[in-house]
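The primary structure of each chain is shown beneath.
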Amino acid sequence: ADHESLQQEASQLRGGLVGRLRIGTITTVLPAVPLLTVPFAARHPQVTITVLSLTSIEIQRGLDDFSLDAGLTYLDNEPLSHVRTIPLYRERYYLFTPASGPFAGRKTVAWADAAATPLCLLTPDMQNRRIINGLFTAAGAEPRATIETNSVLTLWAHLRAGPWSSVLSQAFLHLFGVPEELAAIPLEDGGAPHSIGLAIPDREPLTPSARELATLVTEMDLAAALERR
């Protein structure tokens, strides 16, 4: 890690950062990642960016063993250790459901009502699923997850092709919008929303690519960008 940092520092002195930026991100943040990587690539065009979809546990491992420069994950639910964090936005949940289904015309949906419909959800090893399970439990309900997957693409394909609904955050509105055959209905208050943020190793020296990413996110308002969508 020190050797790689030295190489990147030397490249900056020669006229621009080169090397690689390795980001691990939980699945539910993937739709928002381009809001960070696009301006980073414009600012540092010689850096190769690698984005890996990982669980929060795998992100912790990657930051610890130097295989990741940064992680995008939850900051206040099962938080990482030995990291510095920068909050980005707070998750709000929507029920993505067939537009002509039982919730047609609804302005909001209760968690207990959402639990009674056939759901396609992420697998229980993912922190997002554990959060959602907790919100259903707090509402006195148990979700009917008839399909479970660790792939956002698979989840979205089932929403587009079948009778299923799913609980997703506002980041998915940014990526997909709302197709004609679906509705995205806010779920009623489930308590304090969880914070999504950037995590970088709590050590010196940071790799220059991690340092530059941290500088970039402090200059941005990612929450506002998602809200505009």
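Quick note: structure is the one above.
First things first, this report covers the structure right here in the doc. (Residues numbered from 1 in each chain as written. Predicted model: local features only at pLDDT ≥ 70, side-chain atom pairs only at ≥ 80, totals over all residues. Heavy atoms only, no water.)

As summarised here, the arrangement of the five strands in space is E2-E1-E3-E10-E4, forming an open sheet in which the pairing is mixed. Because the sheet does not close on itself, it has two edges, and the strands there are strand E2 (47-53) and strand E4 (83-90). Between one strand and the next, the sheet's axes are offset by a mean angle of 20°, whatever the strand orientation. Relative to strand E3 (residues 70-74), strand E1 (residues 19-25) runs parallel, the two being bridged by three bridges. Bridge pairing links Thr25 to Leu72 in E3. Where helix H2 (residues 34-43) meets the sheet, its contacts fall on E1, E2, E3 and E4, and the angle it forms with E2 comes to roughly 165°. (Pairing = 2+ DSSP bridges. Helix = DSSP H or I, 4+ residues; strand = E, 2+ residues; numbered from the N terminus. Axes fitted to C-alpha atoms, helices over the stretch in contact; angles between N-to-C directions. Contact = heavy atoms within 4.5 Å.)

A few words on unusual backbone geometry. In the Ramachandran plot, Phe66 falls in the positive-phi region, its phi being about 75° despite a non-glycine side chain. Residue placement: Phe66 occurs in the loop between helix H3 (56-64) and E3.

Tallied over the full model, the rule gives 10 salt bridges. For Arg130, the salt bridge is made with Glu78, and the minimal N-O distance between the two is 2.6 Å. Separated by 52 residues along the polypeptide, Arg130 in helix H5 (residues 127-138) and Glu78 in the loop between E3 and E4 bring together distant segments of the chain. Residue classification places Glu78 among the partly exposed positions, given a relative accessible area of 39%. (Salt bridge = Lys/Arg side-chain N within 4 Å of Asp/Glu carboxyl O. Buried < 20%, exposed > 50% of the residue type's maximum accessible area, 1.4 Å probe, protein only.)

Attention now moves to the nonpolar core. Counting 54 residues, the largest nonpolar core has Tyr89, Leu198 and Leu213 as the members making the most contacts within it. When neighbours within four sequence positions are excluded, Leu213 is seen to be in contact with Leu21, Ile23, Phe40, Ala70 and Leu198. In this structure, Tyr94, Phe96, Trp156 and Leu168 belong to the second largest nonpolar core, which totals 14 residues. (Core = buried A, V, L, I, M, F, W, Y, C linked by side-chain atoms within 4.5 Å.)

Let us now look at the sheet that holds strand E5 (residues 93-98). Within a sheet, each strand pairs with its neighbour through backbone hydrogen bonds, oriented either parallel or antiparallel. Read from one edge to the other, the open sheet built from three strands follows the order E8-E5-E9, with strand pairing classed as antiparallel. Bordering the open sheet on either side are strand E8 (166-169) and strand E9 (182-186), each of which pairs with just one other strand. Taking the axes of each pair of neighbouring strands and ignoring which way they run, one obtains an average angle of 35° across the sheet. Here E5 runs beside E8; their pairing, made up of four bridges, is antiparallel. Following the sheet pairing, Tyr94 is matched in E8 by Leu168.

So, on to the environment of Leu121. With respect to the helices and strands, Leu121 occurs in strand E6 (residues 118-122). Leu121 sits in the buried class, given a relative accessible area of 1%. As for Leu121 and Gly162, which are separated by 41 residues in sequence, their C-alpha atoms are 14 Å apart.

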